[in-house]
Amino acid sequence: MKITIIGTGYVGLVSGACFADLGNDVLCLDIDQRKVDMLQSGGIPIHEPGLEAVVKRNVAVGRLRFTTNPKAAAAFGTVQFLAVGTPPGEDGSADLQYVVAAARSIGRHLDGYRVIVDKSTVPVGTADIVRAAVAEEIAARGLSHPFSVVSNPEFLKEGAAVEDFMRPDRVVLGVDDDRALRIMRTLYGPVQRNHERLIVMDVRSAELTKYAANAMLATRISFMNELANLAERLGADIEQVRKGIGSDRRIGYDFLYPGAGFGGSCFPKDVQALRRTAQQHGMELAILEAVHDVNERQKHVPVDKVVARFGESLAGRRFAVWGLAFKPNTDDMREAPSVVIIEALLARGATVNAYDPVALDVARDLLKGRDGVTLCTSARAALQGCDALLIVTEWKEFRSPDFDAIRTELRHPVVIDGRNLYDPALVADFGIEYYPIGRAQSRGPAA
């Protein structure tokens, strides 16, 4: 099948590359010529495990191509995916200007029937806006080409997106006509050979499903973070509590890990956008307000532990930060807890040595101009001359470190673990003060 993907950001690039890998002919449209040139040569602008190989092999055989020509893109695919950004506006609502612009571009150039698919995360009612924009552009040309608008939200986890696309838990389709449904069933046929994964519903329900899923996952995280903070005060161990409640099949173990808060391009933005949607319809989603507020506070918890250990003023102190990306296996630092933590340390007069396995280039741009931050090329290098270590992202290489080296390199053998990577008793055996989230912690003498 011929497919057009509008937008080569995270969702668009993964979707386009994976559809091509399933044998489709895919043309991806982007307005950035430099990005298009990079992609056409087989490179990728993001870190996503396995994606570069998929892009390279499909570019090499000609199934995956990239263009900046909107007319060519509109003429190419029977199915036109909208995978452009929907950044938050000042009031927290999703900004649809890029979605509408993409829809108008299709309307200005299409030459026959098209299935126009909202792949971006968009508020309920966006399909109606897209339909109106396309119809207006077609009418302005004096034509009457038929088209369908479908909602097909993505559920890709950064760091595992290729696997998620090829072996999805479900494929949600919001569709209102049989012709579009037949085409979408054919398109997703290759990922359905094992069992039926398509969940077909009306368009508005599909649009809400995406927001509901992310809001639910964010709620679980914030709930566990509040419970972890309570566990510390009660002398309980949140890791044991997690196992106790996760064993209940009604609850399960996923997304029950407390830590330094969630970040990324989805959960924070989608929680706020769903709240704003409710407000526009006369409702307040009190649970999601709490989810947001808890998460913002949780990002400061590691620094609170630093202050409790070293005092209110951190002038003259240097701290190592392991992990800058908002989660492992990505270089995405959007809304990352690491940024909040680093800025809070700097504000108290400290300096920072920071390390991340893949996000250093992103960090270099994001933290540009902030005096007092040194980006290091290894985890051990980040320790040198520091008063304590803060672990912010749970990269695999941090899970089994050289504790002797940590104790030796640090001025004070203090580890503040924002991801609960270690057994407190094990760390204590190495003579290290250990401050996790919601677990037993060792307190050393004042520095």
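Residues numbered from 1 in each chain as written. Predicted model: local features only at pLDDT ≥ 70, side-chain atom pairs only at ≥ 80, totals over all residues. Heavy atoms only, no water.

1. Side note on the side chain of Asp332
With respect to the helices, strands and loops of the structure, Asp332 is situated in the loop between strand 9 (318-322) and helix 14 (337-347). Relative accessible area serves as the criterion here: at 7%, Asp332 is assigned to the buried category. A distance of 2.8 Å separates the side chain of Asp332 from the side chain of Arg334, its partner in a polar contact. Sequence-distant contacts of Asp332, that is, excluding residues within four places in its chain, are made with Glu158, Ser265, Ala325 and Phe326. (Helix = DSSP H or I, 4+ residues; strand = E, 2+ residues; numbered from the N terminus. Buried < 20%, exposed > 50% of the residue type's maximum accessible area, 1.4 Å probe, protein only. Polar contact = N/O pair within 3.5 Å; in protein donor to acceptor, adjacent residues only side chain to side chain. Contact = heavy atoms within 4.5 Å.)

2. Points about the sheet that holds strand 12 (residues 388-391)
What the 6 strands build is an open sheet, ordered 11-10-9-12-13-14; its pairing is parallel. Both edges of this open sheet fall to strand 11 (373-375) and strand 14 (433-435), since each of them pairs with a single strand only. For this sheet, the mean angle separating the axes of adjacent strands, direction not counted, is 20 degrees. Each of strand 9, strand 12, strand 13 (414-417) and strand 14 touches helix 13 (residues 301-310); the most contacted strand, strand 13, lies at about 155 degrees to it. (Pairing = 2+ DSSP bridges. Axes fitted to C-alpha atoms, helices over the stretch in contact; angles between N-to-C directions.)

3. Brief notes about the pattern of salt bridges
For the structure shown, the criterion picks out 31 salt bridges. With a closest N to O distance of 3.2 Å, Asp128 and Arg131 form a salt bridge. With Asp128 and Arg131 both in helix 6 (residues 126-140), this residue pair falls 3 residues apart, about one helical turn. The exposure class of Asp128 is partly exposed, given its relative accessible area of 37%. A salt bridge links Asp361 to Arg364; the shortest N-O distance between them is 2.8 Å. (Salt bridge = Lys/Arg side-chain N within 4 Å of Asp/Glu carboxyl O.)

4. Description of the pairing of strand 2 (residues 25-29)
A large share of strand 2 lies buried, amounting to 4 of its 5 residues. Where strand 1 (residues 2-6) meets strand 2, 5 bridges bridge the pair, whose relative direction is parallel. Considered in strand 2, the bridge of Ile3 is made with Val26. Handedness of the β-α-β unit built from strand 1, helix 1 (residues 10-21) and strand 2 comes out right-handed. Here 4 bridges tie strand 2 to strand 3 (residues 64-67), and the two strands are oriented parallel to one another. In the strand pairing of strand 3, Cys28 is matched with Phe66. (Right-handed = clockwise from strand over helix to strand, strands pointing away.)

All quantities given are derived from atomic positions and should not be read as evidence of function.
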